[in-house]
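This is what each chain is made of:
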Amino acid sequence: PDDAHTGRMLAIESLIAWGRPEEALRVAEAWNTAAPTDTLSWVALARAHESRGDEGAAARSWGSLLDLHPTRVDVRRLVAGRLDG
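Residues numbered from 1 in each chain as written. Predicted model: local features only at pLDDT ≥ 70, side-chain atom pairs only at ≥ 80, totals over all residues. Heavy atoms only, no water.

Caption draft 1: Expanded view of the side chain of Asn 32. Within the secondary structure, Asn 32 sits in helix α2 (residues 21–34). Given a relative accessible area of 9%, Asn 32 falls into the buried group. Of the polar contacts made by the side chain of Asn 32, one reaches the side chain of Ser 41; its length is 3.1 Å. With residues near it in sequence (within four places) discarded, Asn 32 still touches Ser 41, Trp 42 and Leu 45. (Helix = DSSP H or I, 4+ residues; strand = E, 2+ residues; numbered from the N terminus. Buried < 20%, exposed > 50% of the residue type's maximum accessible area, 1.4 Å probe, protein only. Polar contact = N/O pair within 3.5 Å; in protein donor to acceptor, adjacent residues only side chain to side chain. Contact = heavy atoms within 4.5 Å.)

Listed below in structure tokens is the structure:
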């Protein structure tokens, strides 16, 4: 649904949708730097890298999210799904 994202995640997903991946990356990097233990900041950073076609950086971001929450099954499924595709 259109209202699935809010706040910073909505801003980043909107920038990606509007074809502004470099700006999305800047916003995601700033968020992740300010809140490195915030799960969504890692998702946003990975999505921004994906939008730029930088699969290596995206994989590292997904991996960092997994490092942050290695025992959470939902996080493991999300990361596995993103890295499998």
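Caption draft 2: Representation of the packing of helix α4 (residues 55–68) against helix α5 (residues 73–84) in the model. Between α4 and α5, whose axes approach to 9 Å, the crossing angle comes to 165°. Considering their axes alone, α4 and α5 lie roughly antiparallel with respect to each other. Every pair of crossing elements has a handedness; the one defined by α4 and α5 is left-handed. Side by side, α4 and α5 meet where Ala 59, Trp 62, Leu 65 and Leu 66 of the first sit next to Val 75, Arg 76, Leu 78, Val 79, Arg 82 and Leu 83 of the second. (Axes fitted to C-alpha atoms, helices over the stretch in contact; angles between N-to-C directions. Parallel < 35°, antiparallel > 145°, perpendicular 65-115°, else oblique. Left-handed = near helix turned anticlockwise from the far one by under 90°.)

Caption draft 3: How the structure looks around the packing of helix α1 (residues 7–17) against helix α3 (residues 39–51). As a packed pair, α1 and α3 sit with axes 10 Å apart at the nearest point and diverge in direction by 5°. Here α1 lies roughly parallel to α3, going by the angle between them. Taken together, the residues of α3 that come into contact with α1 (itself represented by Met 9, Ile 12, Glu 13 and Ile 16) are Leu 40, Val 43, Ala 44, Arg 47, Ala 48 and Ser 51. Per-class residue counts for the contact of α1 with α3 are seven nonpolar, one polar and two charged. (Nonpolar A, V, L, I, M, F, W, Y, C, P; charged D, E, K, R; others polar.)

Shape is all these values report; function is a separate question.
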